[in-house]
Amino acid sequence: MRDLKDFKLGNFEVILDDPSGDSFIENRIAPAKDPKMSVNFYKRTVEQNEMLGLNNDENIEDQIVEKTEKGEVDLRNEVVQFHNNCPNCNAICETNMKLTDIPYFKSVIIMCTVCDNCGIKSSEVKSGSGIEEKGVRYVLKLTDRSDLDRDVLKSDEASFEIPEIEFFMGPGTLGGKFTTIEGILKDAREQLSEKCPFAFTGGDSESKDKAGRMKECLDKLEMIQNGHLLNVTVIIDDASGNSYLQNIYAPDEDPNLKVEHYERSYEQNEMLGLNDINTENYKDQAQ
């Protein structure tokens with residue numbers, strides 16, 4: 001260990017894997033993206049959920065699908081309720097789920113959880129369909145205060161970036177959300193100021209220089225959120241293709257919005273778990 005600390009064995013890699021999602025490694029150049037560090041969010045296995053004392057989401061979803069197929073549940077016209085574990089205190093709480101349609105896009109599932117034990121409230125949005133054939137990248141130029149009111153569907157796999165202020169929020173951050181540009185900025189500021197342990201006061205490596213950079217970033221995010229700093233670019237990149245940014249001129253073309261559909265890289269398919277999926281001749285291979 002001493003040799004590693006002194007780099008006598010050369011460069012080495014550190015891997016931190018936490019099924020609970022509660023661990024953290026400092027980004028020394030935050031809020032910019034650290035080229036030396038990669039963060040991957042993954043869906044827990046049944047064994048990991050059991051180890052953490054959590055209900056298996058797949059079992060809950062299977063039960064709801066089964067009831068829907070039998071005609072016992074109408075997802076489009078009813079709010080479905082089921083019991084789940086609180087993500088904060090692990091107590092049993094109630095989750096409400098509703099299927100809704102987004103114009104010019106697709107159907108999405110909106111879920112809201114309220115815990116009576118600890119009082120936490122959380123919401124999540126999931127696609128009502130599977131992963132799209134191609135990824136999607138939205139590039140929007142904010143030129144007016146009204147642009148902040150555009151609807152945004154951000155999936156778990158989407159990143160959010162404002163290059164003019166060197167702000168980058170990777171996939172998995174904030175979870176899936178159906179909100180507005182202003183709402184995303186508000187949630188990002190709260191995440192940085194309240195939940196980032198090394199942003200201002202945490203960690204033994206804190207420096208005034210880094211604290212100053214973080215404060216400057218938060219101030220700029222607030223200025224953009226309030227419409228005082230415009231002519232910046234918002235980029236939403238989603239390898240799963242399940243994110244959406246409202247075109248206020250629809251069905252006509254939006255002059256300030258560029259939408260690009262692209263072929264995913266091997267690494268992006270690996271992140272989505274697609275490389276191990278076999279949909280051809282799988283029965284013959286199993287035999």
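Please refer to the structure higher up on the page.
The notes below deal with the structure included here. Numbers given to residues run from 1 along each chain, matching the order in which its sequence is written. Per-residue local features of the predicted model are confined to residues with pLDDT of at least 70, and side-chain atom pairs are confined, for both listing and counting, to 80 or more; whole-chain, interface and lining totals are unaffected and use all residues. Excluded from the side-chain calculations are hydrogens and water; all other atoms, namely the structure's heavy atoms, are used.

Judged by pairing direction, the sheet is antiparallel, and its four strands sit side by side in the order β1-β2-β3-β4 without closing on themselves. Of all strands in the sheet, those with a lone pairing partner are β1 (80-85) and β4 (121-127), marking the two edges. Within the sheet, the average angular offset between the axes of one strand and its neighbour, ignoring direction, is 25 degrees. Two strands form a pair only when DSSP identifies at least two bridges running between them. Secondary structure elements follow DSSP: runs of H or I no shorter than four residues count as helices, runs of E no shorter than two count as strands, and numbering proceeds from the N terminus. Note that β1 and strand β2 (residues 92-101) share six bridges and pair antiparallel. Among the inter-strand pairings, N85 is bridged to a residue of β2, identified as I92. Each axis is a line fitted through C-alpha atoms, and for a helix only the stretch in contact is used; angles between axes span 0 to 180 degrees, taken between their N-to-C directions.

Below, the discussion takes up unusual backbone geometry. Residue P251 follows A250 across a cis peptide bond; omega there is 5 degrees. Looking at the secondary structure, you find P251 in the loop between β11 (244-245) and β12 (257-262). For E166, which is not glycine, the phi dihedral falls at a positive 55 degrees. Within the secondary structure, E166 sits in the loop between β7 (158-162) and β8 (167-169). Overall, the relative accessible area of 57% leaves E166 in the exposed class. The phi torsion at L174 lies on the positive side, around 70 degrees, for a residue other than glycine. Mapped onto the secondary structure, L174 falls in the loop between β8 and β9 (177-180). Accessibility here uses a 1.4 Å probe with only protein chains present; expressed as a share of the type maximum, an area under 20% marks a residue as buried, one over 50% as exposed, and anything in between as partly exposed.

All right, on to the pairing of strand β6 (residues 151-154) then. Here four bridges tie β6 to β9, and the two strands are oriented antiparallel to one another. Note that in β9 the partner of D151 across the bridge is T180. Judged from the two bridges that link them, β6 and β11 form a sheet pairing that is antiparallel. The partner of L153 across the bridge, within β11, is Y244.

Secondary-structure assignment places D238 in strand β10 (residues 232-238). By relative accessible area, D238 is classed as buried at 0%. Between the alpha carbons of D238 and D156 there is a distance of 8.6 Å; along the sequence they are 82 residues apart. What makes two residues a contact is simply this: any of their non-hydrogen atoms within 4.5 Å. Ignoring anything within four residues of it in the chain, the contact list for D238 reads G135, V136, S155, E157, A158, S243 and Y262.

Judged by nonpolar contacts, the single largest core of 34 residues is most densely connected at F160, I162, F167, I181, L185, L221 and I224. Looking at this core, the elements that each hand over two or more residues are β5 (135-142), β6, β7, β8, α4 (181-195), α5 (208-225), β10 and β11. The residues contacting L185, other than those within four sequence positions of it, are L148, F160, I162, L221, I224 and Q225. With six residues, the next largest nonpolar core counts V80, F82, L99 and I109 among its residues. Here, nonpolar core refers to any group of buried Ala, Val, Leu, Ile, Met, Phe, Trp, Tyr and Cys residues whose side-chain atoms link them within 4.5 Å.

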